[in-house]
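A look at the structure
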Amino acid sequence: MTATQTNWLEVENTLDSGVYNKHAVVMVRAEGARVWDSEGREYIDCVAGYGVANVGHSNPEVVRAVQEQAARLMVMPQTLPNDQRAEFLQELVSVLPQGLERVFLCNSGTEAMEAAKKFAITATGRYKFVSMKRGFSGRTLGALAFTWEPKYREPFGSAVDDAQVTFVTYGSVEELRAAVTEDIAAVILEPVQGEGGVRPADAEFLRAAREITREKGALLILDEIQTGFCRTGKMFAMEHADVVPDGVTLAKAMAGGVPIGAFVMSADVANKMPKGGHGTTFGGNPLAMAAGIAAIRFMKREKLWEQAAEKGAYFMQKLRAIESSKIREVRGQGLMIGVELKEKSAPYIAALEHDEAVLTLQATPLVVRFLPPLTISYEQIDRAVEAFARVLQSVNPREVAAGVVKEEKQTE
Ligand SMILES: *Cc1c(COP(=O)(O)O)cnc(C)c1O
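Residues numbered from 1 in each chain as written. Predicted model: local features only at pLDDT ≥ 70, side-chain atom pairs only at ≥ 80, totals over all residues. Heavy atoms only, no water.

Here is the rule we go by: UniProt positions are given in the numbering used here, feature names are shortened, and annotations may be inferred rather than shown by experiment.
As recorded in an unreviewed UniProt entry, the protein goes by the name [LysW]-aminoadipate semialdehyde transaminase, listed as coming from Deinococcus peraridilitoris. As its UniProt record puts it under Sequence similarities (unreviewed entry), the protein is described as follows: "Belongs to the class-III pyridoxal-phosphate-dependent aminotransferase family. LysJ subfamily." The Catalytic activity (unreviewed entry) field of the UniProt record for the protein holds the comment "[amino-group carrier protein]-C-terminal-gamma-(L-lysyl)-L-glutamate + 2-oxoglutarate = [amino-group carrier protein]-C-terminal-N-(1-carboxy-5-oxopentan-1-yl)-L-glutamine + L-glutamate".

Put into C-alpha coordinates, the structure is as follows:
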(Lines give C-alpha, C1' and ligand atoms only; values in the text may rest on other atoms or scores of the structure.)
Protein backbone atom coordinates (compact mmCIF):
# COMPACT_ATOMS: atom_id res chain seq x y z
CA MET A 1 0.00 0.00 0.00
CA THR A 2 1.37 3.43 -0.89
CA ALA A 3 1.79 6.20 1.66
CA THR A 4 -1.00 8.18 0.05
CA GLN A 5 -3.47 5.30 0.13
CA THR A 6 -2.73 4.66 3.80
CA ASN A 7 -3.24 8.34 4.44
CA TRP A 8 -6.67 8.53 2.72
CA LEU A 9 -7.82 5.44 4.59
CA GLU A 10 -6.65 6.89 7.88
CA VAL A 11 -8.36 10.18 7.22
CA GLU A 12 -11.68 8.47 6.47
CA ASN A 13 -11.39 6.19 9.44
CA THR A 14 -10.55 9.09 11.72
CA LEU A 15 -12.95 11.75 10.49
CA ASP A 16 -15.96 9.73 9.36
CA SER A 17 -18.77 9.27 11.91
CA GLY A 18 -17.82 5.62 12.21
CA VAL A 19 -21.16 4.10 11.17
CA TYR A 20 -19.67 2.28 8.17
CA ASN A 21 -17.55 -0.83 8.10
CA LYS A 22 -14.91 0.53 5.76
CA HIS A 23 -12.85 -1.76 3.55
CA ALA A 24 -9.09 -1.30 3.31
CA VAL A 25 -9.14 0.19 -0.20
CA VAL A 26 -9.52 3.63 -1.72
CA MET A 27 -11.64 3.74 -4.89
CA VAL A 28 -10.83 6.50 -7.34
CA ARG A 29 -12.43 5.80 -10.71
CA ALA A 30 -15.07 3.69 -12.47
CA GLU A 31 -16.32 3.01 -15.97
CA GLY A 32 -19.12 0.67 -17.01
CA ALA A 33 -18.86 -2.33 -14.68
CA ARG A 34 -15.23 -1.73 -13.71
CA VAL A 35 -13.80 0.15 -10.72
CA TRP A 36 -10.20 1.09 -10.02
CA ASP A 37 -8.54 1.69 -6.66
CA SER A 38 -5.75 4.16 -5.96
CA GLU A 39 -3.14 1.44 -6.58
CA GLY A 40 -4.46 0.91 -10.10
CA ARG A 41 -6.08 -2.45 -9.31
CA GLU A 42 -9.13 -3.13 -11.50
CA TYR A 43 -12.27 -4.69 -10.03
CA ILE A 44 -15.42 -6.12 -11.57
CA ASP A 45 -18.19 -4.26 -9.81
CA CYS A 46 -21.23 -6.29 -8.76
CA VAL A 47 -22.24 -3.64 -6.21
CA ALA A 48 -22.86 -0.70 -8.58
CA GLY A 49 -23.11 1.74 -5.68
CA TYR A 50 -25.83 -0.50 -4.12
CA GLY A 51 -27.72 -0.82 -7.37
CA VAL A 52 -27.33 2.77 -8.54
CA ALA A 53 -25.09 2.47 -11.62
CA ASN A 54 -27.62 0.58 -13.80
CA VAL A 55 -26.59 2.50 -16.94
CA GLY A 56 -22.91 1.86 -16.13
CA HIS A 57 -20.52 3.97 -14.10
CA SER A 58 -19.78 7.32 -15.72
CA ASN A 59 -22.17 6.60 -18.56
CA PRO A 60 -20.97 9.02 -21.27
CA GLU A 61 -24.48 10.36 -21.96
CA VAL A 62 -25.10 11.07 -18.27
CA VAL A 63 -21.64 12.65 -17.95
CA ARG A 64 -22.30 14.95 -20.89
CA ALA A 65 -25.71 15.97 -19.54
CA VAL A 66 -24.25 16.75 -16.12
CA GLN A 67 -21.34 18.72 -17.56
CA GLU A 68 -23.59 20.82 -19.75
CA GLN A 69 -26.20 21.41 -17.08
CA ALA A 70 -23.59 22.23 -14.42
CA ALA A 71 -22.37 25.04 -16.62
CA ARG A 72 -25.92 26.29 -17.29
CA LEU A 73 -28.01 25.99 -14.09
CA MET A 74 -27.57 23.77 -11.06
CA VAL A 75 -30.13 24.86 -8.52
CA MET A 76 -33.62 26.30 -8.82
CA PRO A 77 -36.36 25.85 -6.21
CA GLN A 78 -39.44 23.91 -7.19
CA THR A 79 -41.59 27.01 -6.90
CA LEU A 80 -39.73 28.26 -9.99
CA PRO A 81 -40.43 26.02 -13.00
CA ASN A 82 -37.46 24.78 -14.99
CA ASP A 83 -37.05 23.26 -18.48
CA GLN A 84 -35.03 20.25 -17.27
CA ARG A 85 -37.49 19.47 -14.50
CA ALA A 86 -40.47 19.57 -16.84
CA GLU A 87 -38.71 17.28 -19.31
CA PHE A 88 -37.65 14.89 -16.58
CA LEU A 89 -41.20 14.66 -15.20
CA GLN A 90 -42.47 13.80 -18.69
CA GLU A 91 -39.78 11.15 -19.19
CA LEU A 92 -40.45 9.60 -15.79
CA VAL A 93 -44.23 9.47 -16.11
CA SER A 94 -43.88 8.09 -19.67
CA VAL A 95 -42.12 4.94 -18.40
CA LEU A 96 -44.56 4.32 -15.52
CA PRO A 97 -47.95 2.58 -15.86
CA GLN A 98 -51.03 4.75 -16.33
CA GLY A 99 -52.41 5.95 -13.02
CA LEU A 100 -49.02 6.89 -11.60
CA GLU A 101 -48.98 10.45 -12.82
CA ARG A 102 -48.02 12.93 -10.09
CA VAL A 103 -44.46 13.20 -8.82
CA PHE A 104 -42.89 14.45 -5.60
CA LEU A 105 -39.17 14.95 -6.29
CA CYS A 106 -36.52 14.51 -3.60
CA ASN A 107 -32.92 13.35 -3.23
CA SER A 108 -32.73 9.79 -1.92
CA GLY A 109 -34.64 6.61 -1.30
CA THR A 110 -35.38 7.22 2.33
CA GLU A 111 -36.75 10.67 1.47
CA ALA A 112 -39.03 9.07 -1.11
CA MET A 113 -40.35 6.79 1.67
CA GLU A 114 -40.84 9.78 3.97
CA ALA A 115 -42.87 11.46 1.24
CA ALA A 116 -44.89 8.29 0.67
CA LYS A 117 -45.69 8.18 4.38
CA LYS A 118 -46.89 11.77 4.54
CA PHE A 119 -48.93 11.54 1.32
CA ALA A 120 -50.50 8.26 2.52
CA ILE A 121 -51.54 9.91 5.79
CA THR A 122 -53.10 12.93 4.11
CA ALA A 123 -54.77 10.79 1.43
CA THR A 124 -56.44 8.42 3.90
CA GLY A 125 -56.67 10.32 7.18
CA ARG A 126 -55.13 7.22 8.79
CA TYR A 127 -51.78 6.81 10.59
CA LYS A 128 -51.10 3.08 10.70
CA PHE A 129 -49.10 1.05 8.21
CA VAL A 130 -48.35 -2.52 7.27
CA SER A 131 -44.84 -3.42 6.21
CA MET A 132 -43.01 -6.67 5.58
CA LYS A 133 -40.77 -8.84 7.70
CA ARG A 134 -37.24 -8.60 6.22
CA GLY A 135 -38.34 -5.39 4.47
CA PHE A 136 -35.91 -2.50 4.00
CA SER A 137 -37.18 1.02 3.42
CA GLY A 138 -34.40 3.32 4.56
CA ARG A 139 -32.81 4.79 7.64
CA THR A 140 -34.38 8.15 8.50
CA LEU A 141 -36.77 7.85 11.43
CA GLY A 142 -40.00 7.85 9.41
CA ALA A 143 -38.77 5.29 6.88
CA LEU A 144 -36.99 3.31 9.59
CA ALA A 145 -40.37 2.46 11.07
CA PHE A 146 -41.07 0.44 7.86
CA THR A 147 -37.66 -1.26 7.99
CA TRP A 148 -37.92 -4.60 9.71
CA GLU A 149 -34.37 -5.43 10.82
CA PRO A 150 -34.48 -4.92 14.62
CA LYS A 151 -30.79 -4.01 14.86
CA TYR A 152 -31.44 -0.94 12.69
CA ARG A 153 -34.38 0.20 14.84
CA GLU A 154 -33.54 -0.82 18.38
CA PRO A 155 -30.78 1.74 19.11
CA PHE A 156 -33.41 4.46 18.67
CA GLY A 157 -36.02 3.03 21.00
CA SER A 158 -39.32 4.82 21.08
CA ALA A 159 -38.08 7.52 18.67
CA VAL A 160 -39.10 5.04 15.96
CA ASP A 161 -42.84 4.97 15.53
CA ASP A 162 -43.02 1.18 15.93
CA ALA A 163 -46.51 1.24 17.36
CA GLN A 164 -47.86 2.44 14.01
CA VAL A 165 -46.40 -0.38 11.90
CA THR A 166 -47.38 -4.06 11.74
CA PHE A 167 -44.91 -6.41 10.06
CA VAL A 168 -46.29 -9.41 8.19
CA THR A 169 -44.56 -12.37 6.59
CA TYR A 170 -43.54 -11.50 3.03
CA GLY A 171 -45.67 -13.67 0.77
CA SER A 172 -48.38 -14.56 3.29
CA VAL A 173 -51.75 -13.47 1.88
CA GLU A 174 -53.51 -14.61 5.08
CA GLU A 175 -51.32 -12.51 7.36
CA LEU A 176 -51.68 -9.54 5.07
CA ARG A 177 -55.46 -9.88 4.96
CA ALA A 178 -55.61 -10.04 8.76
CA ALA A 179 -53.32 -7.02 9.20
CA VAL A 180 -55.01 -4.66 6.75
CA THR A 181 -57.87 -3.32 8.83
CA GLU A 182 -59.93 -0.17 8.17
CA ASP A 183 -57.41 2.02 10.04
CA ILE A 184 -54.43 1.19 7.81
CA ALA A 185 -53.15 4.05 5.65
CA ALA A 186 -50.92 1.94 3.41
CA VAL A 187 -49.16 -1.32 2.81
CA ILE A 188 -45.46 -0.88 2.03
CA LEU A 189 -43.87 -3.58 -0.05
CA GLU A 190 -40.72 -4.24 -2.12
CA PRO A 191 -41.55 -6.32 -5.24
CA VAL A 192 -38.21 -8.06 -4.67
CA GLN A 193 -36.73 -7.76 -1.19
CA GLY A 194 -33.14 -6.64 -1.64
CA GLU A 195 -31.42 -6.15 1.67
CA GLY A 196 -33.74 -8.84 3.09
CA GLY A 197 -31.94 -11.50 1.06
CA VAL A 198 -32.97 -11.05 -2.61
CA ARG A 199 -36.46 -12.54 -2.45
CA PRO A 200 -38.81 -11.95 -5.38
CA ALA A 201 -42.50 -11.77 -4.42
CA ASP A 202 -44.96 -14.12 -6.08
CA ALA A 203 -47.13 -12.31 -8.58
CA GLU A 204 -50.08 -13.77 -6.65
CA PHE A 205 -48.97 -12.04 -3.46
CA LEU A 206 -48.64 -8.67 -5.19
CA ARG A 207 -52.07 -9.07 -6.80
CA ALA A 208 -53.59 -10.04 -3.46
CA ALA A 209 -51.98 -6.97 -1.86
CA ARG A 210 -53.59 -4.84 -4.56
CA GLU A 211 -57.03 -6.35 -3.94
CA ILE A 212 -56.86 -6.29 -0.15
CA THR A 213 -55.74 -2.66 0.05
CA ARG A 214 -58.43 -1.59 -2.41
CA GLU A 215 -61.13 -3.37 -0.36
CA LYS A 216 -60.05 -1.68 2.86
CA GLY A 217 -59.44 1.80 1.50
CA ALA A 218 -55.70 1.57 2.17
CA LEU A 219 -53.02 2.55 -0.34
CA LEU A 220 -50.62 0.08 -1.88
CA ILE A 221 -47.16 1.63 -2.00
CA LEU A 222 -44.45 -0.29 -3.80
CA ASP A 223 -40.84 0.42 -2.86
CA GLU A 224 -39.04 0.16 -6.22
CA ILE A 225 -36.00 2.05 -5.02
CA GLN A 226 -33.77 -0.93 -5.78
CA THR A 227 -35.93 -2.87 -8.25
CA GLY A 228 -36.81 0.07 -10.51
CA PHE A 229 -35.17 1.19 -13.75
CA CYS A 230 -34.59 -2.15 -15.46
CA ARG A 231 -32.85 -3.96 -12.60
CA THR A 232 -35.23 -6.95 -12.55
CA GLY A 233 -35.68 -7.38 -16.30
CA LYS A 234 -38.60 -4.94 -16.66
CA MET A 235 -38.53 -1.15 -16.41
CA PHE A 236 -40.25 -1.68 -13.03
CA ALA A 237 -40.65 -4.94 -11.12
CA MET A 238 -44.40 -4.33 -10.69
CA GLU A 239 -44.76 -5.14 -14.41
CA HIS A 240 -43.93 -8.81 -13.72
CA ALA A 241 -47.19 -9.05 -11.78
CA ASP A 242 -49.14 -6.46 -13.76
CA VAL A 243 -49.97 -4.59 -10.58
CA VAL A 244 -50.39 -0.81 -10.47
CA PRO A 245 -50.03 0.59 -6.94
CA ASP A 246 -51.33 3.92 -5.62
CA GLY A 247 -47.77 5.08 -5.20
CA VAL A 248 -44.22 3.99 -5.96
CA THR A 249 -40.96 5.11 -4.38
CA LEU A 250 -37.97 5.52 -6.67
CA ALA A 251 -34.34 6.58 -6.25
CA LYS A 252 -31.06 4.72 -6.75
CA ALA A 253 -30.62 4.27 -10.54
CA MET A 254 -33.01 7.02 -11.63
CA ALA A 255 -30.34 9.62 -12.46
CA GLY A 256 -27.43 7.40 -13.47
CA GLY A 257 -25.46 8.03 -10.27
CA VAL A 258 -26.51 11.53 -9.27
CA PRO A 259 -28.52 11.68 -5.99
CA ILE A 260 -32.26 11.72 -6.67
CA GLY A 261 -35.50 10.32 -5.29
CA ALA A 262 -39.19 10.45 -6.13
CA PHE A 263 -42.56 9.41 -4.87
CA VAL A 264 -44.90 8.94 -7.84
CA MET A 265 -48.59 8.62 -7.07
CA SER A 266 -52.11 8.75 -8.42
CA ALA A 267 -53.77 12.13 -8.88
CA ASP A 268 -56.22 11.15 -6.11
CA VAL A 269 -53.40 10.77 -3.61
CA ALA A 270 -51.59 13.94 -4.71
CA ASN A 271 -54.73 16.07 -4.61
CA LYS A 272 -55.29 15.43 -0.90
CA MET A 273 -51.97 16.98 0.18
CA PRO A 274 -52.40 20.66 1.03
CA LYS A 275 -50.15 23.23 -0.66
CA GLY A 276 -47.00 23.51 1.44
CA GLY A 277 -47.68 20.14 3.10
CA HIS A 278 -44.27 18.82 2.09
CA GLY A 279 -41.13 20.13 0.42
CA THR A 280 -37.36 19.95 0.00
CA THR A 281 -34.65 22.39 -1.10
CA PHE A 282 -32.62 20.16 -3.39
CA GLY A 283 -35.51 18.10 -4.82
CA GLY A 284 -35.96 18.55 -8.56
CA ASN A 285 -32.70 20.46 -8.97
CA PRO A 286 -31.81 20.94 -12.65
CA LEU A 287 -28.51 19.03 -12.32
CA ALA A 288 -30.20 15.83 -11.12
CA MET A 289 -33.01 16.37 -13.63
CA ALA A 290 -30.60 16.58 -16.57
CA ALA A 291 -28.84 13.42 -15.36
CA GLY A 292 -32.21 11.69 -14.97
CA ILE A 293 -33.34 12.59 -18.48
CA ALA A 294 -30.11 11.18 -19.92
CA ALA A 295 -30.31 8.00 -17.80
CA ILE A 296 -33.96 7.22 -18.65
CA ARG A 297 -33.44 7.93 -22.38
CA PHE A 298 -30.43 5.62 -22.36
CA MET A 299 -32.51 2.87 -20.69
CA LYS A 300 -35.30 3.25 -23.25
CA ARG A 301 -33.06 3.37 -26.31
CA GLU A 302 -30.87 0.45 -25.20
CA LYS A 303 -33.90 -1.55 -23.95
CA LEU A 304 -31.88 -1.99 -20.79
CA TRP A 305 -34.60 -4.14 -19.16
CA GLU A 306 -34.13 -6.76 -21.87
CA GLN A 307 -30.41 -6.77 -21.28
CA ALA A 308 -31.01 -7.22 -17.55
CA ALA A 309 -33.42 -10.10 -18.19
CA GLU A 310 -31.07 -11.91 -20.59
CA LYS A 311 -27.85 -11.31 -18.67
CA GLY A 312 -29.60 -12.12 -15.39
CA ALA A 313 -30.82 -15.48 -16.72
CA TYR A 314 -27.30 -16.23 -17.98
CA PHE A 315 -25.69 -15.15 -14.69
CA MET A 316 -28.07 -17.27 -12.59
CA GLN A 317 -27.69 -20.28 -14.85
CA LYS A 318 -23.90 -20.07 -14.49
CA LEU A 319 -24.17 -19.67 -10.72
CA ARG A 320 -26.47 -22.69 -10.52
CA ALA A 321 -23.92 -24.72 -12.47
CA ILE A 322 -21.30 -24.21 -9.75
CA GLU A 323 -20.82 -27.47 -7.93
CA SER A 324 -20.45 -26.58 -4.29
CA SER A 325 -22.06 -28.08 -1.22
CA LYS A 326 -21.86 -24.61 0.36
CA ILE A 327 -24.65 -23.20 -1.86
CA ARG A 328 -28.22 -23.53 -0.58
CA GLU A 329 -30.02 -21.53 -3.26
CA VAL A 330 -29.48 -19.17 -6.20
CA ARG A 331 -32.41 -16.80 -6.65
CA GLY A 332 -33.28 -13.44 -8.10
CA GLN A 333 -34.94 -11.53 -10.88
CA GLY A 334 -33.01 -9.97 -13.76
CA LEU A 335 -29.65 -8.70 -12.53
CA MET A 336 -30.75 -8.64 -8.89
CA ILE A 337 -29.23 -11.91 -7.77
CA GLY A 338 -28.61 -13.56 -4.42
CA VAL A 339 -26.74 -16.73 -3.59
CA GLU A 340 -27.73 -18.10 -0.21
CA LEU A 341 -24.98 -20.12 1.40
CA LYS A 342 -25.26 -22.67 4.18
CA GLU A 343 -22.82 -20.56 6.19
CA LYS A 344 -21.99 -16.88 6.69
CA SER A 345 -21.40 -15.07 3.41
CA ALA A 346 -19.07 -12.33 4.71
CA PRO A 347 -15.77 -14.29 4.39
CA TYR A 348 -16.63 -15.12 0.78
CA ILE A 349 -17.47 -11.51 -0.01
CA ALA A 350 -14.16 -10.43 1.54
CA ALA A 351 -12.23 -13.09 -0.39
CA LEU A 352 -13.93 -12.07 -3.65
CA GLU A 353 -12.69 -8.52 -3.10
CA HIS A 354 -9.19 -9.30 -1.81
CA ASP A 355 -8.25 -12.35 -3.86
CA GLU A 356 -10.34 -11.94 -7.01
CA ALA A 357 -11.00 -8.20 -7.37
CA VAL A 358 -14.75 -8.78 -7.62
CA LEU A 359 -17.00 -6.52 -5.56
CA THR A 360 -20.19 -8.08 -4.18
CA LEU A 361 -22.57 -7.21 -1.42
CA GLN A 362 -24.05 -8.91 1.60
CA ALA A 363 -27.80 -9.30 2.07
CA THR A 364 -28.60 -10.97 5.41
CA PRO A 365 -25.73 -12.94 6.99
CA LEU A 366 -26.00 -15.87 4.56
CA VAL A 367 -26.46 -14.24 1.15
CA VAL A 368 -23.93 -12.98 -1.39
CA ARG A 369 -25.70 -10.37 -3.52
CA PHE A 370 -24.79 -9.48 -7.12
CA LEU A 371 -26.11 -6.10 -8.33
CA PRO A 372 -23.87 -5.24 -11.30
CA PRO A 373 -24.37 -2.38 -13.71
CA LEU A 374 -26.85 -3.67 -16.31
CA THR A 375 -24.28 -2.85 -18.99
CA ILE A 376 -21.94 -5.55 -17.62
CA SER A 377 -20.52 -7.77 -20.39
CA TYR A 378 -21.00 -11.54 -20.64
CA GLU A 379 -17.26 -11.91 -20.33
CA GLN A 380 -17.30 -9.96 -17.05
CA ILE A 381 -20.16 -12.14 -15.79
CA ASP A 382 -18.08 -15.24 -16.64
CA ARG A 383 -15.11 -13.84 -14.74
CA ALA A 384 -17.23 -12.98 -11.69
CA VAL A 385 -18.79 -16.46 -11.60
CA GLU A 386 -15.43 -18.20 -12.03
CA ALA A 387 -14.03 -16.07 -9.20
CA PHE A 388 -16.98 -16.98 -6.99
CA ALA A 389 -16.49 -20.69 -7.71
CA ARG A 390 -12.82 -20.35 -6.70
CA VAL A 391 -13.51 -18.61 -3.39
CA LEU A 392 -16.18 -21.18 -2.53
CA GLN A 393 -13.36 -23.71 -2.76
CA SER A 394 -10.59 -21.72 -1.12
CA VAL A 395 -12.29 -20.15 1.89
CA ASN A 396 -12.17 -22.49 4.85
CA PRO A 397 -14.97 -21.88 7.37
CA ARG A 398 -12.82 -23.21 10.23
CA GLU A 399 -10.10 -20.65 9.52
CA VAL A 400 -12.76 -17.94 9.42
CA ALA A 401 -14.09 -19.05 12.81
CA ALA A 402 -10.54 -19.00 14.21
CA GLY A 403 -10.06 -15.44 12.97
CA VAL A 404 -7.37 -16.34 10.41
CA VAL A 405 -9.53 -14.92 7.63
CA LYS A 406 -10.91 -11.45 8.21
CA GLU A 407 -14.67 -10.96 7.98
CA GLU A 408 -16.21 -7.85 6.56
CA LYS A 409 -19.74 -6.71 7.01
CA GLN A 410 -21.52 -4.33 4.68
CA THR A 411 -24.74 -2.48 5.17
CA GLU A 412 -26.59 -0.06 2.95
C1 LIG B 1 -31.61 1.66 -0.83
C2 LIG B 1 -33.02 1.44 -0.46
C3 LIG B 1 -33.74 2.38 0.31
C4 LIG B 1 -33.10 3.61 0.89
O5 LIG B 1 -32.58 4.44 -0.07
P6 LIG B 1 -31.44 5.52 0.35
O7 LIG B 1 -31.21 6.30 -0.90
O8 LIG B 1 -30.27 4.73 0.81
O9 LIG B 1 -32.02 6.35 1.44
C10 LIG B 1 -35.07 2.11 0.55
N11 LIG B 1 -35.68 1.02 0.07
C12 LIG B 1 -35.02 0.10 -0.66
C13 LIG B 1 -35.75 -1.09 -1.19
C14 LIG B 1 -33.67 0.27 -0.94
O15 LIG B 1 -33.01 -0.67 -1.63
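Having seen it, we continue.
1. A look at the pairing of strand 5 (residues 128-132)
Counted only if it meets this: Partly exposed describes any residue whose relative accessible area lies between the buried limit of under 20% and the exposed limit of over 50%, with all areas from a 1.4 Å probe on protein chains only and scaled to the type maximum. Helix and strand labels come from DSSP, where a helix needs a run of H or I of at least four residues and a strand needs a run of E of at least two; each type is numbered from the N terminus. Two strands form a pair only when DSSP identifies at least two bridges running between them.
Most of strand 5 is tucked away, with four of its five residues classed as buried. Examined bridge by bridge, strand 5 and strand 7 (residues 184-189) share three bridges and lie parallel to one another. Bridging across to strand 7, lysine 128 finds its partner in isoleucine 184. Here strand 5 runs beside strand 6 (residues 165-168); their pairing, made up of four bridges, is parallel. Looking at the pairing, valine 130 lines up with threonine 166 of strand 6.

2. What to know about the side chain of threonine 147
The residue threonine 147 is located in the loop between helix 6 (141-144) and helix 7 (150-153) in this model. For threonine 147, a relative accessible area of 0% gives the class buried.

3. Considerations on the packing of aromatic side chains
Keep this limit in mind: In this scheme Phe, Tyr and Trp rings, the latter by its six-membered ring, pair at centre separations within 6.5 Å, and the angle between planes marks the pair as stacked below 30 degrees, edge-to-face above 60, and tilted otherwise. Our definition puts a charge over a ring when NZ of Lys or CZ of Arg is within 6 Å of the ring centre and also within 35 degrees of the ring normal.
Applying the stated criterion to the full structure yields nine aromatic pairs. When the centroid spacing of 5.2 Å and the interplanar angle of 55° are considered together, the rings of phenylalanine 315 and phenylalanine 370 count as tilted. Of this pair, phenylalanine 315 sits in helix 13 (residues 304-320) while phenylalanine 370 sits in strand 17 (residues 367-370), and the two are 55 residues apart along the sequence. Take phenylalanine 370: its relative accessible area is 0%, and that puts it in the buried class. The structure contains a cluster of three or more aromatic residues connected by ring pairs, namely Phe104, Phe119 and Phe263. Looking at lysine 117, its charged tip hangs above the ring of phenylalanine 146, at a distance of 4.8 Å from the centre. A cation over a ring is seen here: arginine 139 above tyrosine 152, with NZ or CZ 3.9 Å from the ring centre.

4. Here's the deal with the pattern of salt bridges
Here is the rule: In the sections that follow, a salt bridge refers to a side-chain nitrogen of Lys or Arg positioned within 4 Å of a carboxyl oxygen of Asp or Glu.
In the structure shown here, the tally under the stated rule is 18 salt bridges. Across the pair aspartate 16 and lysine 22 runs a salt bridge, and its minimum N-O distance is 3.7 Å. By relative accessible area, aspartate 16 is classed as partly exposed at 27%. Overall, lysine 22 belongs to the partly exposed group, its relative accessible area being 29%. Note that aspartate 183 and lysine 128 form a salt bridge whose closest N and O atoms lie 3.8 Å from each other. Separated by 55 residues along the polypeptide, aspartate 183 in the loop between helix 8 (173-179) and strand 7 and lysine 128 in strand 5 bring together distant segments of the chain. Here lysine 128 falls in the partly exposed class, since its relative accessible area comes to 34%. One network of salt bridges, with partners in common, ties together Glu87, Glu91, Arg297 and Lys300.

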